[in-house]
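Each chain, letter by letter, is given below.
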Amino acid sequence: MEQLIATIEKGQPFFNAIARNKYLKAIRDGFISVIPIIIFSSIFCLVASVPNIWGFYWPDDINNALWKCYNYSMGILAIACAATTAKHFADAQNRDLPKNNQINFISCMCAAIIGFLLLSSDTIATDAASGFNTTYLGSKGLLTAFIAAFVTGIIYKFFIKRNITVKMPEQVPPNISQTFKDIIPFSVCIAVFWVFDIVFRAAFGFCFAQGVIQVFQPLFTAADGYIGLAVIYGAMSLFWFVGVHGPSIVEPAIAAALVANMTDNLAAFQAGQHASAVLTQGAQYFVVCMGGTGATLVLVFMFCFLAKSQEMRAVGKAAIVPVCFAVNEPLLFAAPIVLNPVFFVPFVFAPIANIWILKIFIDFLGMNGFMYTLPWTVPGPIGTIMGLGFQPLAFVMLALILVVDFVLYYPFFRAYDAQKCAEEAEISQEELAAKNAEKAAKLNDAFQGKADAKSVAAGAAAEAVEAGAPAASAAPAAEATATSDLNGKRVLVLCQGGGTSGLLANALAKAAKERDINLETAAEAYGNHVDMLPDFDLVVLAPQAASYLADLQKDCERVGNKCVACRGKQYIELSQNGDKSLAFVSEQLSK
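Residues numbered from 1 in each chain as written. Predicted model: local features only at pLDDT ≥ 70, side-chain atom pairs only at ≥ 80, totals over all residues. Heavy atoms only, no water.

Colleague: Which parts of the structure should I look at to understand the overall build of the chain?
Modeller: Scanning the chain from terminus to terminus reveals 27 helices and 6 strands. When the 591 residues of the chain are sorted by exposure, 54% land in the buried category. For the chain, long-range pairs separated by at least 24 residues make up 76% of all intrachain contacts whose partners lie at least 6 apart in sequence. As displayed, the chain has an accessible area near 24,700 Å², and 64% of this comes from carbon and sulfur atoms. (Helix = DSSP H or I, 4+ residues; strand = E, 2+ residues; numbered from the N terminus. Buried < 20%, exposed > 50% of the residue type's maximum accessible area, 1.4 Å probe, protein only. Contact = heavy atoms within 4.5 Å. Areas by Shrake-Rupley, 256 points an atom, 1.4 Å probe, with all protein chains shown as cover.)

Structural data, given as structure tokens:
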């Protein structure tokens, strides 16, 4: 097993390169930017549809009002995604351009929207009114939206990089000059889309967006099969296991299918048909990743209540709350699960088992697939029941999934528990109890932003004694280092989804407050950071985002601030120890 993991680890640079690919990153970040639209619209969808299960139907005027809000948000999802993807792609392109000659991402967003509309919509004109055909302006047009964004970004970079623009005299204000600078790339973009649309429609008789759906439909169908689902979600867990954020690699390839399938499920359900799609956003959030990547919800309860090892029980108690809300990094890195050969098999195969169970219930028992989207931080069992519309079979499936996950994890959990117990037997019970109690308290405090400066200073002094250093000077030295230059500084912590970054940001904020240090901290998802960078002095990457360090360095160089990436155990340690986290920030700022 260890040899297999070592072999997989050798491919980590390649996996990191894929995760950092600017096209995949633009899709992921652009898609993340429109998730509020999906969640917001689903609220109205839930209110309008769920009562029908119990035979209650809203009056027509209320029902129409609810669906109007859904259609006017989810119905134009692809338009919004064309803009957000173009924005993030332009940010990536700007890393390769001089600071004084950058792509105007707002102009790029506008061009992408117009280009997408040309490729995706027909004009509807009657004697009474005129407008756009909206068939492909929602989830069905996402693939075309990505293509329009990329073509726009490539054209803009070609012209901006070569200074093929309308140049104005120096006396003209910069905002006016920028407008004229955008005229040529903007005009070329629209002309390219317009000509291509005319040629494509003349050749095939339908719009480009419809053609894209027809081409990719076989792939979507294959991905919704047992093998396709196993490959997708097995790969996602495998990448995470070796320290690479799996969703960053896998999700961009299936993002369009996740949303389109959920929309198709809802349409089928409303038409009285079977909602048969399995590969949906709800299935990924709440079935595959129940308790985070690796389906670790059951495992954290094992750590908390079944472990004989005091260390495992301490980790479980500290991690149980965040894991229930799908933030499982405290468990992954503190246990650890990542790169731990004992948990390789269940971590990779539990998500596959979960999605297969869902598919069996849909294919053979007639259960409808996920139709509603909720935030990914909703606890998995609740999200499963609500996302499946409170179907009776959903409760049965949920119970079965929890049992299967327990069966898959339990033997490996017991083996690891025995291993840790053997290690703990070599030290005194008093020392072990104190050590684990402190570890649990620090993990819990770090997650809640309650790191106590005095307690962590005492811990640092104790560690210094063990290392043979003078105990009396350990805490003051650390404090002096940490507090000397942090007043007025601002630190931004980035992770993939904005959850894990809160661990360190909260710990830093609390420790600084306890010491009367004027240190501002913030947590955000990588990809949403570009416009925030000028407001911060230091940017810290959480472990799952560490592969983006090279790109982040380019972003930081443009605004003149500093950045650093953390690894798993280091990040958890910093989140636990206020002294060390403040000293770490001070050290990075002084470089």
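Anyway, onward from the coordinates.
Colleague: Help me out: how do you make sense of the sheet that holds strand β4 (residues 520–525) in this one?
Modeller: The pairing of strands in a sheet comes from backbone hydrogen bonds and takes either a parallel or an antiparallel form. With respect to topology, 4 strands assemble into an open sheet ordered β4-β3-β5-β6, the strand pairing being parallel. The open sheet has two edge strands, β4 and β6 (562–565), and neither has a second partner. In this sheet, neighbouring strand axes are inclined to one another by 20° on average, regardless of whether the strands run parallel or antiparallel. Alignment of strand β3 (residues 490–495) against β4, held across 6 bridges, turns out to be parallel. Of the residues in β4, the one forming a bridge with Leu494 is Glu524. Along the sheet, helix α24 (residues 501–514) makes contact with β3, β4 and β5 (538–541), crossing β4 at roughly 175°. Sitting on the sheet, helix α27 (residues 578–590) is in contact with β3, β5 and β6, with an inclination near 130° to β6. (Pairing = 2+ DSSP bridges. Axes fitted to C-alpha atoms, helices over the stretch in contact; angles between N-to-C directions.)

Colleague: Before we go on, may I ask you to explain the pattern of salt bridges in this structure?
Modeller: Between side chains of opposite charge, pairing is possible as soon as their charged atoms come close. Taken as a whole and assessed by the stated rule, the structure comprises 17 salt bridges. The residue Asp555 makes a salt bridge to Arg558 at a minimum N-O spacing of 3.4 Å. Of the two residues, Asp555 and Arg558 both sit in helix α25 (residues 549–559), 3 residues apart, roughly one turn of that helix. Asp555 sits in the buried class, given a relative accessible area of 1%. Judged by its relative accessible area of 25%, Arg558 is partly exposed. Ionic contacts of the salt-bridge type, sharing partners, join the residues Lys22, Asp96, Lys157 and Lys554 into one network. (Salt bridge = Lys/Arg side-chain N within 4 Å of Asp/Glu carboxyl O.)

Colleague: Explain the pairing of β3 here, please?
Modeller: A regular strand places its side chains so that they alternate between the two faces of the sheet. Of all 6 residues in β3, 5 are buried; the element is thus mostly enclosed. Inspection of the sheet shows β3 paired to β5 by 4 bridges, in the parallel sense. When the bridges of β5 are listed, Leu494 appears paired with Leu541.

Colleague: Explanation requested: the confidence of the model for the chain in the structure shown.
Modeller: A low pLDDT score tells you not to read the predicted coordinates there in detail. Confidence in the prediction for the chain averages 85 pLDDT; 87% of positions are at 70 or higher. For the stretch residues 445–482, pLDDT sits under 50, and the model shows 47 contacts to residues farther than four places along the chain or on other chains. (pLDDT = per-residue confidence, 0-100.)

Colleague: Explanation requested: the environment of Lys359 in the structure shown.
Modeller: Within the element layout of this structure, Lys359 appears in helix α18 (residues 344–364). Residues Lys359 and Ala283, spaced 76 residues apart in sequence, show a C-alpha to C-alpha distance of 9.9 Å. When near neighbours in sequence (up to four residues on either side) are disregarded, Lys359 contacts Asp224, Gly225, Tyr226, Leu229 and Val278.

Colleague: Teacher, can you tell me more about the packing of aromatic side chains here?
Modeller: By convention here, two paired aromatic rings are described through the distance between centres and the angle between planes. Inspection of every chain in the model, using the stated rule, returns 25 aromatic pairs. The interplanar angle of 85° and the centroid separation of 5.3 Å between the aromatic rings of Trp67 and Tyr70 together place this pair among those described as edge-to-face. With Trp67 and Tyr70 both in helix α5 (residues 60–71) and 3 residues apart, the pair spans about one turn of that helix. Assigned by exposure class, Trp67 and Tyr70 land together as buried. Members of the aromatic cluster, each reached through a chain of ring pairs, are Phe303, Phe343, Phe406, Tyr410, Phe413 and Tyr416. If you follow Lys25 out to its NZ or CZ, it ends over the ring of Tyr548, 5.5 Å from the centre. A cation over an aromatic ring shows up here: Lys359 above the ring of Tyr226, its NZ or CZ 5.2 Å from the ring centre. (Phe/Tyr/Trp six-rings, centres within 6.5 Å; stacked < 30°, edge-to-face > 60°. Lys NZ or Arg CZ within 6 Å of the ring centre and 35° of its normal.)

Colleague: I would appreciate a short explanation of helix α8 (residues 142–161) in the present structure.
Modeller: Spacing of three or four residues puts side chains on the same side of an α-helix, whose turn is 3.6 residues. For α8, built from 20 residues, the straight-helix expectation of 28 Å at 1.5 Å per residue is met to within 8% by its first-to-last C-alpha distance of 28 Å. Here α8 lies mainly inside the structure; 15 of its 20 residues are buried. Asn163 sits one or two positions beyond α8 and adopts a positive phi of about 55°. (Expected span 1.5 Å × (residues − 1).)

Colleague: Sorry if this is basic, but what is going on with the environment of Gly383 here?
Modeller: With respect to the helices and strands, Gly383 occurs in helix α19 (residues 380–387). Judged by its relative accessible area of 0%, Gly383 falls in the buried class. Remark: the alpha-carbon pair of Gly383 and Tyr372, spanning 11 residues in sequence, is separated by 9.3 Å. Not counting residues within four places of it along the chain, the set of residues in contact with Gly383 comprises Phe286, Phe370, Leu374 and Val378.

Colleague: What am I meant to see in the nonpolar core here?
Modeller: Side chains of nonpolar character tend, in soluble globular proteins, to be buried together. Judged by nonpolar contacts, the single largest core of 141 residues is most densely connected at Tyr233, Phe303, Leu331 and Leu358. With 11 residues, the single largest contributor to this core is α8. Each residue touching Leu331, except ones within four places of it in the same chain, is listed here: Thr296, Leu299, Val300, Phe303, Val315, Ala319, Val323, Pro336 and Ile337. (Core = buried A, V, L, I, M, F, W, Y, C linked by side-chain atoms within 4.5 Å.)

Colleague: Looking at this structure, I do not really get the packing of α24 against α27. What am I missing?
Modeller: How two helices pack is summed up by the angle between their axes together with the distance between the axes. Between α24 and α27, the least distance of the axes is 9 Å, while the angle of their chain directions is 100°. Between α24 and α27, the crossing angle belongs to the class labelled roughly perpendicular. Together, Leu504, Leu508, Ala511 and Ala512 of α24 and Gly578, Ser581, Leu582 and Val585 of α27 make up the contact between the two elements. Class assignment of the residues belonging to the contact of α24 with α27 gives a composition of 6 nonpolar, 2 polar and no charged. (Parallel < 35°, antiparallel > 145°, perpendicular 65-115°, else oblique. Nonpolar A, V, L, I, M, F, W, Y, C, P; charged D, E, K, R; others polar.)

Colleague: In this structure, what is going on with the side chain of Asn261? I would like to understand it.
Modeller: You can see Asn261 is positioned in helix α13 (residues 246–270). Take Asn261: its relative accessible area is 11%, and that puts it in the buried class. Those residues within four positions of Asn261 in sequence are excluded, and the remaining contacts are Asp224, Ala277, Leu279 and Thr280.

Colleague: What is the right way to read the packing of helix α6 (residues 77–94) against α8 from this model?
Modeller: Where α6 meets α8, the closest approach of the two axes is 8 Å, and the angle between their N-to-C directions is 35°. Every pair of crossing elements has a handedness; the one defined by α6 and α8 is right-handed. Contacts between α6 and α8 pair Leu77, Ala78, Cys81, Ala82, Thr85, Ala86, Phe89 and Gln93 from the former with Leu142, Ala145, Phe146, Ala149, Phe150, Gly153, Ile154 and Lys157 from the latter. When the residues that make up the contact of α6 with α8 are grouped by side-chain class, the tally is 12 nonpolar, 3 polar and 1 charged. (Left-handed = near helix turned anticlockwise from the far one by under 90°.)

Colleague: Any chance you could explain unusual backbone geometry here in plain terms?
Modeller: As a rule of thumb, non-glycine residues mostly have phi less than zero, and peptide bonds are mostly trans rather than cis. Positive phi outside glycine occurs at Ala326, with the angle close to 70°. Take Ala326: it is sitting in the loop between α16 (310–324) and α17 (329–334). The buried category is assigned to Ala326, whose relative accessible area is 16%.

Colleague: What should I look at first to understand helix α4 (residues 35–49) in this one?
Modeller: The first and last C-alpha atoms of α4 sit 21 Å apart over 15 residues, in line with the 21 Å expected at 1.5 Å per residue. Every buried residue of α4 is accounted for by Ile35, Ile38, Ile39, Ser41, Ser42, Cys45, Leu46, Ala48 and Ser49. Along its buried surface, α4 packs onto α3 (22–33), α5, α6, α13, α14 (281–288) and α19.

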